2 protein chains.
Amino acid sequence: MAQTIPVSPLALPMPELGVVRGIRLGAIAAGIRYKGRTDLVLAEMAPGTTVAGVFTKSKCPGAPVDWCRAILSKGEARALVVNAGNANVFTGQAGRKTCEATAEATARLADCSAENVYLASTGVIGEILPAERITSALPALHTALSETGWEDAARGIMTTDTFPKAAVRKATIKGTEVIIQGIAKGSGMIAPDMATMLAFVATDAKLPAPVLQALLSAGIQKTFNCITVDSDTSTSDMVLLFATGAAQNPDITATTDALADPELADFRTALNAVLHDLALLVIRDGEGITKLMSIKVSGAVSDQSAWRVAMAIGNSPLVKTAVAGEDANWGRVVMAVGKCGEPADRDTLSVSIGGVCIARNGTVVDGYDETPVVAHMKGQEIDIAVDLGLGAGTAQAWSCDLTHGYIDINGSYRS
Amino acid sequence: MAQTIPVSPLALPMPELGVVRGIRLGAIAAGIRYKGRTDLVLAEMAPGTTVAGVFTKSKCPGAPVDWCRAILSKGEARALVVNAGNANVFTGQAGRKTCEATAEATARLADCSAENVYLASTGVIGEILPAERITSALPALHTALSETGWEDAARGIMTTDTFPKAAVRKATIKGTEVIIQGIAKGSGMIAPDMATMLAFVATDAKLPAPVLQALLSAGIQKTFNCITVDSDTSTSDMVLLFATGAAQNPDITATTDALADPELADFRTALNAVLHDLALLVIRDGEGITKLMSIKVSGAVSDQSAWRVAMAIGNSPLVKTAVAGEDANWGRVVMAVGKCGEPADRDTLSVSIGGVCIARNGTVVDGYDETPVVAHMKGQEIDIAVDLGLGAGTAQAWSCDLTHGYIDINGSYRS
């Protein structure tokens, strides 16, 4: 169980968090699965808050994912309810009823429509999530909401996470300073495909929903979609981005090209930095992690191809166990490149670890001295770089090693 | 190292092997990597022996794979040389020279062309394989070849294998009895894609090379291509099938439809049984295995789609660790189906474990009693069945659990 897992050696302390005007948060112990810890989080947003979301591509999504997808086109969010310990996945009609009951109870408290209430759940798959546990805890939770409740919220959404995860940046839009702040959870079943486990980001910027969606959809491509712990994609993956508008920046029109508009350049950079920070925090809490792997691929026929190669290396059990064993076994990197189905040519391939070029043009470099690479493998952050020698495509991905800790955690998760 | 790994609890004893007239085998300790064990195998085949082969789809194949692919069109095999401990992969020009020197030295001993000498290597990737170690050991090895050398050969090709692997069947072609006998090695880096680590099968049947190739290419689809230990595809995968013709069965023409010819029906069945046995033996020696997983998928839109779903379940680290932990965590099976990208509908999906239907139509079955499933999970052979409820496509795949043993073996393989 989560309680007995030691804190990840790659954990980072919480950054100094700010306030996002227009959003208040809190957490409470609702006793849904865990004892003696918070497991239910509520956030209430000011009227007019816009929202964007990306969700798992799983063909077996959880009921809350279905719920959020269905209401996203409304474009306005007034509340968010998240529970930990039960994913409300593969729960049929009962799961849908729990979503409806939760949204309706929250809507009464927040004086809004149920279609403005966003829901997220993670935890065990296939067990009924009783709505009463949530709805009976909501009134007390609502009373205690606070603009400074971010760390409580970050802790309340944890499952097998060993530390709470948050990130913050500031940016300027047309001369007005805005804040972007987010939290995330996730530790295993991490191979996001359009989103990761759960991440919630809020800003006080005033931005139309289509602009927000364009920025989020682009932003996750090089952040959440480039991390993997175990190649397993969750049924509950979700990243939501809320913009309360409280900063009262000058209007950005809904029809602007959000990815090119120079007025949004600073905001884009800051948002991408928050998404990057949160994604890396998830990997730093990868189940059983002792080493963080960064994988850079260049020379691919396209960026997409480079991404697939990087993820194949990051997902390879043999590469991950070699990193765990501090073994500079670059041959397994070659194996992973070879197996992934992307264009590659053994005889133009080069492999570097820790900045040392080990193999080039289909063979080991002349006089290869393993000493500096062995020293690099003993560190906590392992850099693997592959150049395919075929084109200009590049990508970077992040993964973690595969250790006894992963087996310990996942051989008895439900017990 | 291989020497310290306990024998797999799912090991099977060697079957009683026969003689395949026209082929003599043997093994010797050439000191290529291991101490105090055989690591070099030679087989010599009678003139006129036909050959078929399937090879890894890896884009970074080993030099011996390139060598065999290049000579396969000749259709005749007179010798096979296999070494264990060094894969001769990513060794550039030196690797090609080692292949040439090995084939030429063998050709002199067997009085044939170098283009009739098949080569295979498995072991560490990226280290130069010195040809002299092999060529200096070949003369003594050649002198000692024997029709009964099969078990020695099965032991001589092992790397991290914990037991030798062989299978045998008899069949009748046009009234003439023939034998089909084979050996295999493989334990990790097992997710064959057109072939597995190494398997060598021989028959005394007289069959043209194109017929042999058609039978082998079809036979591996439901055997070697349906097993996975760790989703990692080797750079050295190879299955070779030799037919010495010593049984003198009546001629089968090269132009026959090998997959439909009724005269070959019994041979097809027996060959597929040998391939099945060898593939399952590889899984039974999966690195760190404590439980064998059989995964049956039905109701898919096609057989190919069913195969992809079955392999996604068999490759999921979370399914594999749940099996290791004897946890009937069927939600992870749902997750694996959902993530794999194949057509699936949560609301028509059903999942069974150990013959007990647990979930149907998007939710757990009424009154689900976990007791018999928990009992099944404690066994050594775990049956998982998924029906997608979409079409008539079916597949079966085999995998093993993911345990501390896998981490132990692969965190220090090169040391």
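These numbers were taken from a predicted model, which means no experiment stands behind them.

Some points on helix 6 (residues 265-284) of chain A
Thinking step 1. For helix 6 of chain A, spanning 20 residues, the distance from its first C-alpha to its last is 28 Å, which sits close to the expected 28 Å at 1.5 Å a residue.
Thinking step 2. Summarising burial for helix 6 of chain A: 14 of the 20 residues are buried, a large majority.

With respect to the UniProt feature "binding site: substrate" (unreviewed entry) in chain A
Thinking step 1. The sites that carry the UniProt feature "binding site: substrate" (unreviewed entry) are, in the present numbering, Thr159(A), Lys185(A), Thr196(A), Glu287(A), Asn410(A) and Ser415(A).
Thinking step 2. Take Asn410(A): it is sitting in helix 11 (residues 404-410).

Some remarks on helix 2 (residues 92-110) of chain B
Thinking step 1. For helix 2 of chain B, built from 19 residues, the straight-helix expectation of 27 Å at 1.5 Å per residue is met to within 8% by its first-to-last C-alpha distance of 27 Å.
Thinking step 2. Listing the buried residues of helix 2 of chain B in full gives Gly92(B), Gly95(B), Thr98(B), Cys99(B), Thr102(B), Ala103(B), Ala105(B), Thr106(B), Ala107(B) and Ala110(B).
Thinking step 3. At its buried positions, helix 2 of chain B is contacted by strand 13 (363-364) of chain A together with strand 2 (40-45), helix 1 (63-71), strand 4 (79-86), strand 5 (117-124) and helix 3 (131-143) of chain B.
Thinking step 4. One or two steps after helix 2 of chain B, the chain reaches Asp111(B), where phi turns positive at roughly 55°.

Focus: the pairing of strand 11 (residues 350-353) of chain A
All names here are of chain A.
Thinking step 1. Burial along strand 11 is two-sided: Ser350 and Ser352 facing one way and Val351 and Ile353 facing the other are all buried.
Thinking step 2. Across 4 bridges, the pairing between strand 11 and strand 14 (residues 381-387) is antiparallel. Bridged to isoleucine 353 within strand 14 is isoleucine 384.
Thinking step 3. Here strand 11 pairs with strand 12 (residues 356-360) via 3 bridges, running antiparallel. The residue of strand 12 that forms the bridge with serine 352 is cysteine 357.
Thinking step 4. Counted between consecutive antiparallel strands, the loop separating strand 11 from strand 12 contains 2 residues, among which glycine 354 sits at a positive phi close to 60°.

Concerning the interface of chain B and chain A
Thinking step 1. At the junction of the two partners, chain B supplies 58 residues and chain A supplies 58 residues.
Thinking step 2. Of the roughly 4,900 Å² buried between chain B and chain A, counting both surfaces, carbon and sulfur atoms make up 56%.
Thinking step 3. Our enumeration of links across chain B and chain A arrives at 2 salt bridges.
Thinking step 4. Across the pair Arg346(B) and Asp66(A) runs a salt bridge, and its minimum N-O distance is 2.7 Å.
Thinking step 5. Linking chain B with chain A are 15 residue pairs in polar contact (both at pLDDT 80 or more).

Quick word on the relation of the copies chain B and chain A
Thinking step 1. Note on the copies: chain B fits chain A at an RMSD of 0.0 Å, the axial shift is 0.0 Å, and the rotation between them is 180°. A rotation of that kind, with that shift, is consistent with a two-fold axis. Across chain B, the smallest distance between a C-alpha and the rotation axis is recorded for His404(B), namely 2.8 Å.
Thinking step 2. Both copies share a contact surface, since 100% of the interface residues of chain B are interface residues in chain A too.

Notes on the state of the cysteines
Thinking step 1. Evaluation of the coordinates by the stated rule reveals 0 disulfides over all chains.
Thinking step 2. No disulfide involves Cys60(A); its sulfur sits 8.7 Å from the nearest other cysteine sulfur, which is in Cys340(B).
Thinking step 3. This cysteine, Cys357(B), is not joined by any disulfide, and Cys60(A) carries the nearest cysteine sulfur, 15 Å off.
Thinking step 4. By relative accessible area, Cys357(B) is classed as partly exposed at 22%.

Overview of the nonpolar core
Thinking step 1. Grouped together as the largest cluster of nonpolar side chains are 176 residues, with contacts concentrated most on Phe267(A), Ile313(A) and Phe267(B).
Thinking step 2. Excluding anything up to four places from it in sequence, Ile313(A) contacts Met293(A), Ile295(A), Val297(A), Val319(A), Val333(A), Ala336(A), Val337(A) and Val386(A).

Details of the sheet that holds strand 5 of chain B
Residues and elements named next belong to chain B.
Thinking step 1. Strands sit in the order 1-2-4-5 across an open sheet of 4 strands; the sheet is mixed. Since the sheet does not close on itself, it has two edges, and those belong to strand 1 (23-28) and strand 5, each with one partner. For this sheet the average axis-to-axis angle between neighbouring strands, irrespective of direction, equals 10°.
Thinking step 2. Relative to the sheet, helix 2 contacts strand 2, strand 4 and strand 5, its axis offset from that of strand 5 by approximately 135°.

Considerations on unusual backbone geometry
Negative phi is the rule for most residues except glycine; trans is the rule for most peptide bonds.
Residues and elements named next belong to chain B.
Thinking step 1. The phi angle at asparagine 88 is positive, at roughly 50°, despite the residue not being glycine.
Thinking step 2. The topology assignment puts asparagine 88 in the loop between strand 4 and helix 2.
Thinking step 3. Taking relative accessible area as the criterion, asparagine 88 reaches 1% and is therefore assigned buried.
Thinking step 4. Its identity as a non-glycine residue notwithstanding, lysine 174 has a phi of 45°, on the positive side.
Thinking step 5. Within the secondary structure, lysine 174 sits in the loop between strand 6 (165-173) and strand 7 (176-185).

Conventions used here
Residues numbered from 1 in each chain as written. Chains lettered and ligands numbered in written order. Predicted model: local features only at pLDDT ≥ 70, side-chain atom pairs only at ≥ 80, totals over all residues. Heavy atoms only, no water. Helix = DSSP H or I, 4+ residues; strand = E, 2+ residues; numbered from the N terminus. Expected span 1.5 Å × (residues − 1). Buried < 20%, exposed > 50% of the residue type's maximum accessible area, 1.4 Å probe, protein only. UniProt positions renumbered as here; feature names shortened; annotations may be inferred. Contact = heavy atoms within 4.5 Å. Pairing = 2+ DSSP bridges. Buried area = accessible area lost by both parts, 1.4 Å probe. Salt bridge = Lys/Arg side-chain N within 4 Å of Asp/Glu carboxyl O. Polar contact = N/O pair within 3.5 Å; in protein donor to acceptor, adjacent residues only side chain to side chain. Least-squares fit on C-alpha atoms with pLDDT ≥ 70 in both. Disulfide = S-S within 2.5 Å. Core = buried A, V, L, I, M, F, W, Y, C linked by side-chain atoms within 4.5 Å. Axes fitted to C-alpha atoms, helices over the stretch in contact; angles between N-to-C directions.

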